Amino acid sequence: MRYLPKSPADRAAMLQAIGIRSVDDLFSPIPAEYRLSRDLAIPRQMAESEIVEWFKQRGKENGEGFASFLGAGAYSHYRPVVIDALVQRGEFLTAYTPYQAEFAQGTLQAIFEFQTMIAELTGMDLANASMYDGSTGAAEAVMMAVRITGRHSAVIARNLHPEYREVLNTYATHQAIPQKLIPFTASGQIDLKQLDQAVDDSTACVLIQSPNFFGTIEDVEAIAGIAHKRGALLIVSIAEAASLGIVEPPRCADIVAMEAQSFGVPLGFGGPYCGVLATKEKFVRQMPGRLAGQTVDKNGKRGFVLTLATREQHIRREKATSNICTNQALVALMVNIFMTVYGKIGLRELAKQNLAKTAYAVEQFGKHAKVLFAGAPRFNEFVVETSEDPYAINSRLLGHKIIGGLPLKKFYPELGHAALWCCTELTTRSMIDTAVGLVAESERSVLSKDAEPEEVAR
Amino acid sequence: MKHMTRKATRHISQNEGLIFEKSSPGKAAWKLPALDVPEVDTAKLLGKQEREDLGDMPEVSEIEIIRHFTRLSTWNYAIDLGMYPLGSCTMKYNPRVNEFVARVEGLANGHPYQAEKISQGALRIMKTLSDCLLEITGMDAITLQPAAGAQGELTGLLMVRAYHEAQGNARKKVLIPDSAHGTNPATAATVGYAVENLKSNERGMVDVAALAAQMNEDVAALMVTNPNTLGVFEQEIHKIAELMHAKGGLLYMDGANMNALVAKTRPGDFGVDVMHLNLHKTFSTPHGGGGPGSGPVAVKKILEPFLPTPVVITKPDGTLAFEYNRPQSVGRVRAFYGNFGMFIRALAYIFANGPEGLRQTTEDAVLNANYIRKGLEGVYDLPYSTPSMHEVVFSDKLQSKQGVKTMDLAKRLIDYGFHPYTTAFPLIVPGALMIEPTESEPKEELDLFIEAMKSIAEEVEDDPQYVLDAPHHARITRLDETAAARKPVLRWKREV
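Conventions used here
- Residues numbered from 1 in each chain as written.
- Chains lettered and ligands numbered in written order.
- Predicted model: local features only at pLDDT ≥ 70, side-chain atom pairs only at ≥ 80, totals over all residues.
- Heavy atoms only, no water.
- Axes fitted to C-alpha atoms, helices over the stretch in contact; angles between N-to-C directions.
- Helix = DSSP H or I, 4+ residues; strand = E, 2+ residues; numbered from the N terminus.
- Parallel < 35°, antiparallel > 145°, perpendicular 65-115°, else oblique.
- Left-handed = near helix turned anticlockwise from the far one by under 90°.
- Contact = heavy atoms within 4.5 Å.
- Core = buried A, V, L, I, M, F, W, Y, C linked by side-chain atoms within 4.5 Å.
- Buried < 20%, exposed > 50% of the residue type's maximum accessible area, 1.4 Å probe, protein only.
- Pairing = 2+ DSSP bridges.
- Domains from an automatic or database assignment.
- Buried area = accessible area lost by both parts, 1.4 Å probe.
- Salt bridge = Lys/Arg side-chain N within 4 Å of Asp/Glu carboxyl O.
- Polar contact = N/O pair within 3.5 Å; in protein donor to acceptor, adjacent residues only side chain to side chain.
- Nonpolar A, V, L, I, M, F, W, Y, C, P; charged D, E, K, R; others polar.

J.: Which residues make up the packing of helix H5 (residues 105-122) of chain A against helix H11 (residues 329-366) of chain A, and what are the values?
T.: To describe two helices that pack against each other, one gives the angle between their axes and the distance between the axes. All names here are of chain A. Look at H5 against H11: their axes get within 10 Å of each other, and the N-to-C directions meet at 45 degrees. By the angle between their axes, H5 is oblique relative to H11. Seen from above, H5 lies across H11 with left-handed handedness. Across the interface between the two elements, Ala-110, Glu-113, Phe-114, Met-117, Ile-118 and Leu-121 of H5 pack against Ala-332, Leu-333, Val-335, Asn-336, Met-339, Thr-340 and Leu-347 of H11.

In structure tokens form, the structure reads like this:
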């Protein structure tokens, strides 16, 4: 076995040193009737070339070479090549959690820089070292708000990513956190009147997403006003991190629960991604997850350590702020490098290209179909309502090697034939024109079908 | 006297400030393509929502970025540099082919919401990995969705709770041995269960008589780690399972570390009802400085209805699909399908090993741990003489007579070119030194480690202060952790 670094002679010498005859003696603590005396029924050992070939085949069966208009919490942005060149350095890839700070300063300083940039971009005081993803981060933020306020219920926007809501439901079930769901208006934004009625003295937090699931930017200040006047916290979930380049961050939020996948993390069929929580300084001791902090060594030299560990499970056990143990360090490093590459000016220019592509697409789609939720600013996603079922249109688009928008019926039955489309800097004008062309064709054929009976009658 | 180490030599290490300290206006490492659609008026589109300024985000060039992160990387220790003997962490070799295949185009760029008919490759990977893990664990059904071990525990306990609720009584408590990882009690609390401690016996195992006395109809499950954190196999595991089952309880196994069991025995065969696996331990996906992990949960048939949605199913025509309609499901624990990139890596590892490779891997892991145990027995105190599996736990009892504790010994190990072992865990061993070499170490590396540990023990006798002041050769000396926690500095700020 090519990963195992021992010759038969090495093994024999080691057995002799231990003072046993056979390696089987080492397994004698396992009761004989439970020892496996056969080979596992798994695929036979493969050569590296066979492994590569097997996965390349799977890649070909997995939408290889398709252009995509999908977003909805997983965004296709360009990944600068330096990201993979750097994260594949063994010293990052094959290091453990930096508990032994003297031997892990590289990882720790990188986390410290990550925390700084996330805080800067989100407009919060500070950020943690990362969470599993945006969905679990949002759920953890709600539990954090419950701890801070001592209140128990949560008010949730219905235009929060539906799968984030599902995860929150799972987490909240046994925490006794009742939830109220707030509908959205014709602009796709949360209904402020209903929100105002829903928030009361038992509300620990209001959780919204901005840009929300439909791509529309919320009036965060107005929402914060409603939450804060009744002593509730405002949590803003951000699924499309690239928006922070040009959309004003939710500075009046108390907690930002972000999914940073857009920043240099491959789509990877849904994971691993990079959640992160950012908050105000006064709430830091209630924040879950790892934190890197700056300190000095015995000679006064600057260094970094994991800190405030008394919040965490390995110290507090059942009294910890969360059961979370790992973070997404290597994925956070991708995010970190991406943010460093684009930086202060590049992130804004990148976001501007996303806006421009989206504005063009909205205009073109709008000529042939109905673009919903107009009347509020949006970032890079928009909802198109067609006469025909979008699954059928998407099926034809696949023939052009294009993946169309996400049909919304599954999550929002009342939206019928609407689909959520996304444009990024990688979306080309010709992709947009092809997709619009097929949608236009679909609309024409539906119209002519509707018209047919009349013609027959005549 | 101070000993020289054969493992490492000091060399020049580059200094490097924070990236913000290198930033200056006008430098850039990015270039966007020419826009093929009309420019937009952002103020008109966004109104008051437009962001004017990104604050103190850096502005640097590409070469500075390469140097910055490369320099930082050289300050880390890594498996690629040598043995990483962290007990319970399973720091084994992370094969490079895993990284290569995870970056295959259709897999790395696959969108989680693309149609199932163009997702058959990803689904096939999930199905194949599931089948392999079920065969390895001897369980009946599995979810790959949990993002890490702790979330796997959460998922497992949610299913335990749902199972009991379906029987008409959720029950109140979860029993957890005092040797368990901290995530176990933290998870039980998250699911709304009270935690009841279970004392270990003098051999470091679950005290079966005590369990029998504590087990009743209020207990939902026992969370047992096997081999436990002492590296000891619970020899009466089948009796433990019988005791639990007799009173309607379930047996949860923390299978984060399966490195002593794979291809040698199967939890499903010895009575486990539900368990999680850490792909980033046993199945070689990289730790990456603290994540991402992946924590699949395997269960017996009785728990299958409660698996998180969606699950992968085979349709009559042989194609694969996600099934969402599962009314008894505990729900979703993560958006999308889990850490898919880790599934690819774990499956590539299983392919590279095959049945005989996995068996040899387990045997070598246990052989290595016992070789270290033999080499250091007598030099360090061995609190439990029970046979060791994949890891061995010593204590600092002998060295603490000189005032030197496990953490001091660990810091001195850094000077010898080794990453420290796990310190002060499990909690049932005061001053624990928890050592897990994994199968990835050649005999020469193990010999160097044993030599280093012996040498440090001698130093403790000759000059304890020198060990207390360690590390001496790292980039920095010990950091002031108290100050870090008292006045936390968690981000850089521009000096004004």
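Once you've had a look at it, read on.
J.: For the nonpolar core, give the residues involved together with the corresponding values.
T.: Phe-55, Leu-234, Met-258, Phe-263 and Ile-337 of chain A together with Phe-283 of chain B are the most contacted members of the largest nonpolar core, which totals 300 residues. By residue number, the principal contributor to this core is helix H10 (residues 340-376) of chain B, which donates 16 residues. Beyond its immediate chain neighbours, meaning those up to four positions away, Ile-337 of chain A contacts Val-82, Ile-83, Leu-86 and Val-87 of chain A together with Ile-65 and Phe-69 of chain B. Counting residues in hydrophobic clusters, the runner-up holds 23 residues, among them Ala-356, Ile-402, Ile-432 and Leu-438 of chain A.

J.: Explain the sheet that holds strand E14 (residues 406-407) of chain A to me, using residue names and the numbers behind them.
T.: All names here are of chain A. Spatial strand order, E11-E12-E15-E14: four strands in an open sheet with antiparallel pairing. A single partner strand is all that each edge strand has here, and the edge strands are strand E11 (370-371) and E14. Here two bridges tie E14 to strand E15 (residues 418-422), and the two strands are oriented antiparallel to one another. Opposite Leu-406, over in E15, you have Leu-420 as the bridge partner. Here H11 sits on the sheet in contact with E11, strand E12 (381-385) and E15, set at roughly 5 degrees to E12.

J.: Residue-level account of unusual backbone geometry, with values.
T.: Residue and element names in this part refer to chain B. In this structure, the amide linkage connecting Thr-309 to the following residue, Pro-310, adopts the cis form with an omega of -5 degrees. Along the chain, Pro-310 falls in the loop between strand E7 (297-299) and strand E8 (311-314). With an omega dihedral of 0 degrees, the bond running from Phe-425 to Pro-426 counts as a cis peptide bond. Among the structural elements, Pro-426 can be located in the loop between strand E11 (422-423) and strand E12 (432-435). Of note, the phi angle at Arg-171 is positive, near 65 degrees, even though the residue is not glycine. By the secondary structure assignment, Arg-171 is in the loop between helix H6 (149-166) and strand E2 (173-177). Given a relative accessible area of 13%, Arg-171 falls into the buried group. Phi at Phe-336 is positive, roughly 60 degrees, even though this residue is not glycine. With respect to the helices and strands, Phe-336 occurs in the loop between strand E9 (320-323) and H10.

J.: Quick one: what's the story with the domain arrangement of chain B, residue by residue and with numbers?
T.: Where the parts come together, the accessible area they lose is often given as the size of the interface. Residue and element names in this part refer to chain B. Under the domain assignment, chain B is made up of domain 1 (98-350) and domain 2 (362-482). For domain 1 versus domain 2, the separation of C-alpha centres amounts to 31 Å. Across the boundary between the two partners, domain 1 contributes 24 residues, which contact 20 residues of domain 2. Per-residue buried area on domain 1 facing domain 2 is highest for Thr-229, Leu-230 and Asn-259; these three make up 32% of the total on that side. For the pair domain 1 and domain 2, the number of links is one salt bridge. Across the pair Glu-363 and Lys-264 runs a salt bridge whose closest N-O atoms are separated by 2.7 Å. Along the contact surface separating domain 1 from domain 2 lie seven residue pairs in polar contact (both at pLDDT 80 or more).

J.: Got a sec to walk through the interface of chain A and chain B? Specific residues and values, please.
T.: Each partner contributes to the interface: chain A provides 185 residues, whereas chain B provides 204 residues. Interface area for chain A against chain B, summed over the two sides, is near 17200 Å², with a carbon-plus-sulfur share of 64%. Ranking the residues of chain A by area buried against chain B places Glu-102, Phe-103 and Phe-269 of chain A at the top, with a combined share of 6%. Inspection of the region where chain A meets chain B yields 15 salt bridges. At the boundary of chain A with chain B, the tally comes to 87 residue pairs in polar contact (both at pLDDT 80 or more). In terms of residue count, H11 of chain A provides more of the side of chain A that touches chain B than any other element does, 26 residues in total. Considering only residue class, the side of chain A that touches chain B consists of 93 nonpolar, 47 polar and 45 charged.

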